[in-house]
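Topology and contacts: notes
Each chain, letter by letter, is given below.
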Amino acid sequence: MALIVQKYGGTSMGSPERIRSVAKRVARYRAQGHDIVVVVSAMSGETNRLIALAREIQAQPDPRELDVVISTGEQITIGLLAMALKEIGVDARSYTGTQVKILTDTAHTKARIQHIDETAMRADLAAGRVVVVAGFQGVDADGNITTLGRGGSDTTGVALAAALKADECQIYTDVDGVYTTDPRVVPEARRLKTVTFEEMLEMASLGSKVLQIRSVEFAGKYKVKLRVLSSFQEEGDGTLITFEEDEAMEKAIISGIAFNRDEARINVIGVPDKPGIAYQILGPVADANVDVDVIIQNVGQDGHTDFSFTVPRGDYQRALGILESVQSHIGAKSISGNDKICKVSVVGVGMRSHVGIASTMFRTLAEEGINIQMISTSEIKISVVLDEKYLELAVRVLHKAFGLDQEI
Ligand code: ADP
Ligand code: ASP
Ligand code: MG
């Protein structure tokens with residue numbers, strides 16, 4: 001008998017039929033004697049619909065009120081799933097984030113979980129009930145509803161598993177595991193039986209939305225046994241996120257390719273090449289809470305240099321505006337940008353012990369005539385910024401060049 005946290009995403013909860021099928025799976029696990037806590041997302045498309053609705057009323061929605069609106073999607077699915085469970089004779093009770101008391105900080109729309117009160121959930125489990133918890137939402141110390149950022153139900157799932165010291169956290173989605181890259185872009189992508197926690201962290205942070213990055217961080221910090229599975233299949237082992245590199249992993253130099261269409265590039269041209277200039281440029285951007293990702297500063301010439309960096313696409317106009325307002329202060333000749341870019345990254349712990357990954361990557365892109373705008377590397381990843389129109393092509397050719405379509 002184990003305590004299992006199961007998280008079901010939007011597609012898995014997307015219709016009454018899907019909800020009934022989730023209830024059946026939960027019932028099967030119950031019948032095996034396991035204690036089950038279920039975390040659910042809103043029905044697919046619902047959160048997008050709610051955001052659009054909010055924007056119709058207020059172009060820049062008030063963050064507190066936006067959270068009130070967008071947290072409702074999950075309140076619907078918890079109730080529906082609890083009903084579906086009762087319909088098939090499984091006792092269940094639903095909880096919103098506030099009812100559990102998933103305490104977060106006050107950063108509306110991107111709040112972080114600080115503490116989870118287990119009392120009510122433990123009592124329900126002891127009474128033989130399935131506990132159904134709304135993903136993506138929490139409550140701050142003043143009782144305000146907060147949300148955890150897009151894809152945040154993954155984080156609720158893993159955080160609950162950590163708080164309850166669950167034996168396993170199962171993330172059920174519309175693919176049967178973590179693939180070498182998004183199978184919607186490369187049909188030849190292969191499911192990974194295991195992926196190391198470190199690699200998953202990179203892949204999530206570089207754009208593979210199969211797991212929200214914070215859920216992976218949580219799993220790492222609290223050593224949660226985490227598995228990604230399909231809610232559309234009866235059987236299957238999915239992908240296990242491991243903490244050690246096994247032998248098979250050692251053979252794979254590259255484990256996966258991640259990509260992100262959600263960035264924009266800003267160029268600050270002809271700034272004085274002097275100490276403190278990076279701070280003068282990036283300071284005001286950071287003060288406005290804009291995350292800066294890839295940064296490049298050119299070698300200076302004639303006392304001047306160029307500076308480029310990427311920001312989330314949603315913050316592009318705001319970041320440009322900020323820089324234009326400080327342009328004369330920092331002494332920049334011009335400020336320009338491009339929001340039609342993408343970032344493609346190859347990820348693998350095997351890179352540590354292999355040379356030549358970067359040259360294979362650059363040669364492969366060059367052979368396709370794809371120009372690289374920016375490069376950023378770490379021990380286990382290489383990222384390149386490209387024109388957005390090359391995204392699919394780049395991911396496909398790199399997937400092939402690194403032999404990711406071959407069984408290992
Ligand atoms: P859910 O609603 O269940 O949370 P998401 O849409 O958030 O599902 O995440 C699942 C999707 O992630 C898949 O449908 C797939 O298109 C995408 N994805 C991106 N990268 C990968 C990858 N490396 N492996 C598997 N799926 C990926
Ligand atoms: N419903 C939320 C979203 O669409 C949270 C989630 O699905 O994980 O982002
Ligand atoms: Mg998701």
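In what follows, the accompanying structure is described. Given the structure is predicted, the values throughout are model-derived calculations rather than measurements.

A short note on the overall build of the chain
For the chain, the count of helices and strands is 14 helices and 20 strands. When each of the 408 residues of the chain is scored for burial, the buried share is 53%. Put simply, of all contacts in the chain between residues at least 6 apart along the chain, 74% involve residues at least 24 apart. Of the roughly 18,600 Å² of accessible surface on the chain, a fraction of 49% belongs to carbon and sulfur atoms. Looking at the chain, you have 44 positive and 54 negative side-chain charges, and the mean spots of the two groups are 3 Å apart.

Overview of the site of ligand 1
Taken together, 17 residues form the shell around ligand 1, and within it Thr173, Asp174, Tyr179, Asp182 and Arg184 come nearest. Glycine 10 is positioned with one of its backbone polar atoms (N or O) 3.1 Å from an oxygen atom of ligand 1. Between threonine 173 and ligand 1, the recorded distance is 2.7 Å, taken from a side-chain N or O atom to an oxygen atom. Among the residues making up the shell around ligand 1, the classes are represented as six nonpolar, six polar and five charged.

Some thoughts on the sheet that holds strand β16 (residues 304-312)
Read from one edge of the open sheet, four strands run β15-β16-β14-β17, paired in antiparallel fashion. Each edge of the open sheet is held by one strand with a lone partner, namely β15 (295-297) and β17 (334-338). When strand polarity is set aside, the average angle formed by the axes of neighbouring strands in this sheet is 15°. The pairing of strand β14 (residues 263-272) with β16 spans eight bridges and is classified as antiparallel. Bridge pairing in β16 places valine 268 opposite phenylalanine 307. Its contacts with the sheet put helix α11 (residues 277-287) on β14, β15 and β16, and the angle it makes with β16 is roughly 25°. Strand contacts of helix α12 (residues 316-330): β14, β16 and β17, with the helix running at about 5° to β14, the strand carrying the most contacts.

Focus: the site of ligand 2
Neighbouring ligand 2 are the residues Ser41, Thr47, Glu74, Phe136, Arg150, Gly151, Gly152 and Ser153. Between serine 41 and ligand 2, the recorded distance is 3.1 Å, taken from a side-chain N or O atom to an oxygen atom. In isolation ligand 2 offers 260 Å² of accessible surface; the protein chains occlude 86% of this area. Residues that form the shell around ligand 2 fall into these classes: one nonpolar, five polar and two charged.

Let's talk about α12
One turn of the α-helix equals 3.6 residues, which is why residues spaced by three or four share an orientation. In α12, a bend of some 35° at glutamate 324 exceeds every other bend along the element. Burial in α12 covers these residues: Tyr316, Ala319, Leu320, Ile322, Leu323, Val326 and Ile330. Of the surrounding secondary structure, the elements contacted by the buried residues of α12 are β14, α11, β16 and β17.

Quick word on the sheet that holds strand β18 (residues 341-347)
The four strands are arranged β13-β18-β20-β19 in an open sheet whose pairing can be described as antiparallel. Among the strands making up the open sheet, the edge pair consists of β13 (256-260) and β19 (374-378). Going from strand to strand, the sheet's axes swing by 20° on average, the running direction of each strand aside. Taken together, the five bridges between β19 and strand β20 (residues 381-387) define a ladder with antiparallel strand orientation. Bridge pairing links threonine 377 to isoleucine 382 in β20.

Quick word on the side chain of glutamate 202
By the secondary structure assignment, glutamate 202 is in helix α8 (residues 197-205). When residues no more than four places from it in sequence are discounted, the contact partners of glutamate 202 are Val347, Ser378, Ile380 and Lys381.

Observations regarding the pattern of salt bridges
One pass over the structure, following the stated rule, counts 24 salt bridges. The salt bridge involving arginine 313 is made with glutamate 388; its shortest N-O contact spans 3.1 Å. Taken as a pair, arginine 313 in the loop between β16 and α12 and glutamate 388 in the loop between β20 and α14 (391-401) lie far apart in primary sequence, 75 residues in all. The class of arginine 313 is partly exposed, set by a relative accessible area of 22%.

Conventions and cut-offs
Residues numbered from 1 in each chain as written. Chains lettered and ligands numbered in written order. Predicted model: local features only at pLDDT ≥ 70, side-chain atom pairs only at ≥ 80, totals over all residues. Heavy atoms only, no water. Helix = DSSP H or I, 4+ residues; strand = E, 2+ residues; numbered from the N terminus. Buried < 20%, exposed > 50% of the residue type's maximum accessible area, 1.4 Å probe, protein only. Contact = heavy atoms within 4.5 Å. Areas by Shrake-Rupley, 256 points an atom, 1.4 Å probe, with all protein chains shown as cover. Lys, Arg positive; Asp, Glu negative; His and termini not counted. Charge placed at Lys NZ, Arg CZ, Asp CG, Glu CD. Near = heavy atom within 4 Å. Polar contact = N/O pair within 3.5 Å; in protein donor to acceptor, adjacent residues only side chain to side chain. Nonpolar A, V, L, I, M, F, W, Y, C, P; charged D, E, K, R; others polar. Pairing = 2+ DSSP bridges. Axes fitted to C-alpha atoms, helices over the stretch in contact; angles between N-to-C directions. Bend = angle between axes of the 7 residues up to and from the residue. Salt bridge = Lys/Arg side-chain N within 4 Å of Asp/Glu carboxyl O.

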